[in-house]
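Below, each chain spelled out in residue letters.
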Amino acid sequence: MFDTAIAGSLPKPAWLAETEKLWPQWKAQGAELQQAKADATLLWIKVQEDAGLDVVGDGEQARQHFVHGFLERVDGIDFENKVKMGIRNNRYDAMVPQVVAPLRLKGRVHAFEAQLARAHTKKKLKFTLPGPMTIVDTVADRFYGDKVKMAMAFAELLNQEALALQADGVDIIQFDEPAFNVYMAEAADWGVKALERAAQGLTCTTAVHICYGYGIQANVDWKQTLGEEWRQYEQVFPALAKSSIQQVSLACFHSHVPPDLMKLLEGKDVMVGVIDVASDVIETPEQVADTIGLALQYVPRKHLIACTNCGLAPMSREVALAKLDALAQGAALARQRYGD
């Protein structure tokens, strides 16, 4: 009851990459960089286990960015000539690669870190991939001329890697779709269909993470424009409830999301965000347990998973460590409070 997990990313150690940045530069190259990525992955697996989390991940230590880490292994994308583009409906500008030819995988994308993680933990292992709609919003299209067509092309590639990750022994494959909170009508129309194509044929647990973003200033500024109630989930949750995706991750603590929107996910496992990633203030176990108690008004106990609102990548390592401890301790307290 009340399994604990993180949304996906964790801070990179200073010896691996720049710290507290969303697009950090690596500190090494070649074989030395590969070893540093492995060391960081094992470090964070140990930290998650020591904190007492029920589901662990690789912390996305081998990827510079959650989207571009996948794209680097895709043919048909020009990384040499990046262009500045407004992403997430022009919330902020990013230098993005261009799609210039038919898309296909160069080979396996995440075999190294997935197999490493699987070999070093007996816990449930979750692995994250970017969702097709969010990828489309993070590249410049110079070939397909149609967002839906390009999303479905990416979905096919994601599906190839997801099936391979399942064969690696991954228990949960999560697709990250922050774009679902930006282009709500399109998400309900074709975004969920593209997501289901990415998850086609998987027999492991499937999940989607829909957040209000990292605690970077552009996201903080955007959230201040959303008013007293953040109702973005209202448009896409019904479509997800009808989908084959089994788990849905959402922001809750310190958000303005009306908690009753969780009722729209009836029948799904709900990863409730009980840890704020936009603040360095450490939650108390009591606050985490209180948030779980609030969610229990709308989500059955057997379907509730305590999670972070989003990834922790841009945070300091010390803050992230403390928040993982708070997550586990708060869930333990909630089991005492709300258990049979």
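To be clear, the structure that these remarks concern was listed above.
Report follows, based on the coordinates. On a predicted model such as this, the values are computed, not experimentally measured, just so you know. (Residues numbered from 1 in each chain as written. Predicted model: local features only at pLDDT ≥ 70, side-chain atom pairs only at ≥ 80, totals over all residues. Heavy atoms only, no water.)

What follows deals with the overall build of the protein. When you go through the protein residue by residue, the secondary structure sums to ten helices and eleven strands. The globule rule puts the C-alpha radius of gyration for 340 residues at 20 Å, and the 19 Å found for the protein is close to it. Oriented by its inertia axes, the alpha-carbon framework of the protein measures out at about 55 × 45 × 40 Å. Counting contacts in the protein only where the partners sit at least 6 residues apart, residues at least 24 apart contribute 78% of the total. With 35 positive and 43 negative side-chain charges, the protein shows a spacing of 3 Å between the two charge centroids. (Helix = DSSP H or I, 4+ residues; strand = E, 2+ residues; numbered from the N terminus. Rg over C-alpha atoms; globule rule 2.2 N^0.38 Å. Contact = heavy atoms within 4.5 Å. Lys, Arg positive; Asp, Glu negative; His and termini not counted. Charge placed at Lys NZ, Arg CZ, Asp CG, Glu CD.)

Moving on, we get to the pattern of salt bridges. Opposite charge on two side chains permits pairing when their charged atoms draw close. Scanning the model with the defined rule gives 15 salt bridges in all. Its salt-bridge partner being Arg104, residue Asp75 comes within 3.9 Å of it at the nearest N-O pair. A residue pair is termed long-range when its members are at least 10 positions apart, and Asp75 in strand S3 (residues 74-87) and Arg104 in strand S4 (residues 92-105) qualify at 29 residues. By relative accessible area, Asp75 is classed as partly exposed at 27%. We note a salt bridge from Glu229 to Arg231, for which the minimum N-O separation is 2.7 Å. On the basis of relative accessibility, which here comes to 46%, the residue Glu229 falls in the partly exposed class. The class of Arg231 is partly exposed, set by a relative accessible area of 30%. The network of salt bridges with shared partners includes Arg108, Glu161 and Asp168. (Salt bridge = Lys/Arg side-chain N within 4 Å of Asp/Glu carboxyl O. Buried < 20%, exposed > 50% of the residue type's maximum accessible area, 1.4 Å probe, protein only.)

Right, let's get into the sheet that holds strand S7 (residues 172-176). If you trace the eight strands from one edge of the open sheet to the other, you get S1-S11-S10-S9-S8-S7-S5-S2, paired in parallel fashion. Sheet topology places strand S1 (3-4) and strand S2 (55-56) at the edges, where each strand pairs with a single neighbour. By the bridge criterion, five bridges tie strand S5 (residues 124-130) to S7 in an arrangement that is parallel. Within S7, the residue paired with Lys126 across the bridge is Ile172. (Pairing = 2+ DSSP bridges.)

This part is about the packing of helix H9 (residues 285-295) against helix H10 (residues 317-338). Following both chains from N to C, one finds H9 and H10 inclined at 55°, their axes separated by 7 Å at the closest point. Accordingly, the angle class assigned to the pair H9 and H10 is oblique. Seen along the crossing, H9 lies across H10 with a hand that is right-handed. Judged by residue contacts, Pro285, Glu286, Val288, Ala289, Asp290, Ile292 and Gly293 of H9 engage Ala326, Leu327, Gln329, Gly330, Ala331, Leu333, Ala334, Arg337 and Tyr338 from H10. In terms of residue class, the contact of H9 with H10 is built from ten nonpolar, three polar and three charged. (Axes fitted to C-alpha atoms, helices over the stretch in contact; angles between N-to-C directions. Parallel < 35°, antiparallel > 145°, perpendicular 65-115°, else oblique. Left-handed = near helix turned anticlockwise from the far one by under 90°. Nonpolar A, V, L, I, M, F, W, Y, C, P; charged D, E, K, R; others polar.)

This part is about the packing of aromatic side chains. We describe a pair of aromatic rings using the distance from one ring centre to the other and the angle between the two ring planes. Scanning the entire structure with this criterion turns up two aromatic pairs. Considering the side-chain rings of Phe143 and Tyr144, the 4.9 Å spacing of their centres and the 85° angle between planes classify their relative orientation as edge-to-face. Residue classification places Phe143 among the partly exposed positions, given a relative accessible area of 40%. The buried category is assigned to Tyr144, whose relative accessible area is 17%. Ring plane angle 10° and centroid distance 4.7 Å describe the contact between Tyr233 and Phe237, whose orientation is recorded as stacked. Residue Tyr233 and its partner Phe237 are located together in helix H8 (residues 233-241), separated by four residues, close to a single helical turn. Look at Tyr233 and you get buried, because its relative accessible area is 0%. Taking the relative accessible area as the measure of exposure, Phe237 reaches 1% and is therefore buried. The residue whose ring lies beneath Lys37 is Trp26, and the NZ or CZ to ring-centre distance is 4.6 Å. Over the ring of Tyr183 we find Lys147, and its NZ or CZ is 5.8 Å from the ring centre. (Phe/Tyr/Trp six-rings, centres within 6.5 Å; stacked < 30°, edge-to-face > 60°. Lys NZ or Arg CZ within 6 Å of the ring centre and 35° of its normal.)

Moving on, we get to the sheet that holds S3. On the basis of which strands lie adjacent, the open sheet formed by three strands has the order S3-S4-S6 and mixed pairing. Across the chains shown, the open sheet's two edge strands, defined by having one partner strand only, are S3 and strand S6 (140-141). Pairing of S3 with S4, which is carried by nine bridges, proceeds in the antiparallel orientation. Considered in S4, the bridge of Val83 is made with Val96. Sheet contacts for helix H5 (residues 147-167): S3, S4 and S6; angle to S4, the most-contacted strand, approximately 75°.

As a further point, take H8. For an α-helix, 3.6 residues make a turn, and residues three or four places apart therefore share a direction. Three or more residues of H8 are buried, namely Tyr233, Val236, Phe237, Ala239 and Leu240. Across the axial projection of H8, the buried residues extend over an arc of 165°, all falling on one side. Where H8 is buried, its residues meet helix H6 (184-198), strand S8 (205-209) and strand S9 (247-250). (Arc of directions from axis to C-beta.)

Take the packing of H6 against H8 next. Interhelical geometry of H6 versus H8 gives an angle of 25° and a closest axis separation of 8 Å. As summarised for this structure, H6 and H8 are arranged roughly parallel, according to the angle between their axes. Remark: the crossing between H6 and H8 carries right-handed chirality. Mapping the contact onto sequence places Met184, Ala185, Ala187, Ala188, Val192 and Leu195 in H6 and Gln235, Val236, Ala239 and Leu240 in H8. Looking at the contact of H6 with H8 residue by residue, the class counts come to nine nonpolar, one polar and no charged.

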